[in-house]
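What follows is each chain in one-letter form.
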Amino acid sequence: MNAEVSGLVTSFNAMAARLESNDSERRRLLADIAHEFRTPLSVVQGNIEAMLDGVYPRDDAHLRPLVDEIGLIARLLDDLQLMATVEGGTLRLHPEPADLNAIVDDLVVAFTPTAAAKRITLTAQQSTLPGIALDPVRIRQVIENLLANAIRFTPDGGSVTIVTTAETGGIRVDVRDTGRGLTPEEQATIFDRFVKAVDSGGSGLGLPIAKSLVEAHHGTISVASTPGQGTTITLRLPK
């Protein structure tokens, strides 16, 4: 009986600890969301009040930045909704036989003008890949996010390379850049929600969403980086 009681107490304490942890996580998440919304909303409110008070004229030059801020809020809401559906297990994937190399080709073409504006060399190194079923829209979203980040944080004159490789049991995709690299501390939190560089301009949800989408495909995503030598993000998708 003592052993049974002891086991029950242990299980109860573990459950209580999980509930407390979940509650703390919810509180932290709400605080993070409030923080992310506060800045763009303050900008919109402040500028509209200034126009109403006659401080600023109601012209395109002053209205256009407000549209940009509202767009930022809309993107943040979209990201939060997607994150909630993925983490809640309610996201519906639509897997189908897909050519991952073709997706990569399309993205290289799409991002070439952005890379060229920074004199960044954007290339793809592709291997013959086995056919696998995946949701092409969601995987495209993942790789698109990785390429956007790589270009954003690579200095002018650098390079970004996306490599596809066939592995036993699946496919590997590496997105390599010659940026500043990441410290061990940054690598440990890179896939956490609302973690972002000061100059990123994003919502801090892109990589967490990418991780969730890859895991929804039963795949994995990881980072390898050395400060001063660049970063490689690797995703693996099973057959």
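Located above this text is the structure these notes cover.
Residues numbered from 1 in each chain as written. Predicted model: local features only at pLDDT ≥ 70, side-chain atom pairs only at ≥ 80, totals over all residues. Heavy atoms only, no water.

Participant: So what about the overall build of the chain? Which residues, and what values?
Facilitator: Tallying secondary structure elements over the chain gives six helices and seven strands in all. Shown N-terminal to C-terminal, the secondary structure of the chain runs as helices and strands in the order α-α-β-α-β-β-α-β-β-α-α-β-β. Across the 239 residues of the chain, 34% fall into the buried class. Sequence separation of 24 or more characterises 70% of the internal contacts of the chain that already satisfy a separation of 6 or more. In the form shown here, the chain has an accessible surface area of approximately 13,900 Å², with 56% of it arising from carbon and sulfur atoms. (Helix = DSSP H or I, 4+ residues; strand = E, 2+ residues; numbered from the N terminus. Buried < 20%, exposed > 50% of the residue type's maximum accessible area, 1.4 Å probe, protein only. Contact = heavy atoms within 4.5 Å. Areas by Shrake-Rupley, 256 points an atom, 1.4 Å probe, with all protein chains shown as cover.)

Participant: Tell me about helix 6 (residues 206-216), residues and numbers included.
Facilitator: Considered for burial, the residues of helix 6 that qualify are Leu207, Pro208, Ile209, Ala210, Ser212, Leu213 and Val214. If you follow the buried residues of helix 6, they end up packed against helix 2 (60-87), helix 4 (136-152), strand 6 (220-226) and strand 7 (230-238). Looking one or two residues past helix 6, His218 carries a phi angle of roughly 65°, positive in sign.

Participant: Give a detailed account of the nonpolar core, specifying residues and quantitative values.
Facilitator: Core analysis: the largest hydrophobic core is formed by 46 residues, its most contacted members being Leu100, Leu122, Ile143, Leu146, Leu147, Val160 and Leu235. In this structure, Ile143 is in contact with Leu100, Val104, Leu107, Ile162 and Leu235, ignoring residues within four places of it in sequence. (Core = buried A, V, L, I, M, F, W, Y, C linked by side-chain atoms within 4.5 Å.)

Participant: Provide a residue-level description of the pattern of salt bridges, including the pertinent values.
Facilitator: Using the criterion set out here, one finds six salt bridges in the structure. In this structure, Arg172 engages Glu167 in a salt bridge whose closest nitrogen and oxygen atoms are separated by 3.8 Å. The exposure class assigned to Arg172 is partly exposed, which follows from its relative accessible area of 24%. Judged by relative accessible area, Glu167 falls into the partly exposed class, the value being 27%. Its salt-bridge partner being Arg180, residue Glu186 comes within 3.0 Å of it at the nearest N-O pair. (Salt bridge = Lys/Arg side-chain N within 4 Å of Asp/Glu carboxyl O.)

Participant: Mind laying out the pairing of strand 5 (residues 170-177), listing which residues take part and the relevant values?
Facilitator: With six of eight residues buried, strand 5 is to be regarded as a mostly interior element. Looking at chain direction, strand 4 (residues 159-167) and strand 5 are connected through eight bridges and run antiparallel. Residue pairing for strand 5: Glu167 is matched across the bridge by Gly170. Hairpin geometry of strand 4 and strand 5 is characterised by an intervening segment of two residues between the two adjacent antiparallel strands and by a positive phi of about 90° at Gly169. When strand 5 meets strand 7, the two strands line up antiparallel, connected through eight bridges. Along strand 7, the bridge assignment pairs Gly170 with Pro238. (Pairing = 2+ DSSP bridges.)

Participant: Tell me what's going on with the environment of Pro155, and back it up with residues and numbers.
Facilitator: Following the sequence through the fold, Pro155 ends up in the loop between helix 4 and strand 4. Distance from Pro155 to Arg180, taken between C-alpha atoms, is 8.0 Å for residues 25 residues apart in sequence. Excluding residues that lie within four positions of it along the chain, Pro155 makes contacts with Ile120, Thr178 and Gly179.

Participant: Before we move on, can you summarise the environment of Thr189 with the specific residues and values?
Facilitator: Locating Thr189 in the fold gives a position in helix 5 (residues 184-189). With 19 residues separating them along the chain, Thr189 and Pro208 place their C-alpha atoms 9.9 Å apart. Engagement of the side chain of Thr189 in a polar contact is seen with the backbone oxygen of Glu185, the distance being 3.4 Å. (Polar contact = N/O pair within 3.5 Å; in protein donor to acceptor, adjacent residues only side chain to side chain.)

Participant: Give a detailed account of the side chain of Thr154, specifying residues and quantitative values.
Facilitator: Of note, Thr154 is situated in the loop between helix 4 and strand 4. For Thr154, a relative accessible area of 1% puts it in the buried group. Contact partners of Thr154, with chain neighbours within four places excluded, come to Lys118, Ile120, Ser159, Val160, Asp177, Thr178 and Gly179.

Participant: Go over unusual backbone geometry with me, naming the residues and quoting the values.
Facilitator: If you check the backbone angles, Arg119 has positive phi at about 55° while not being a glycine. For Arg119, the location among the structural elements is in the loop between helix 3 (100-117) and strand 2 (121-126). Relative accessible area serves as the criterion here: at 59%, Arg119 is assigned to the exposed category. Phi angles above zero are rare outside glycine, and His218 is one such case at about 65°. Among the secondary structure elements, His218 is positioned in the loop between helix 6 and strand 6. Here His218 falls in the exposed class, since its relative accessible area comes to 70%.

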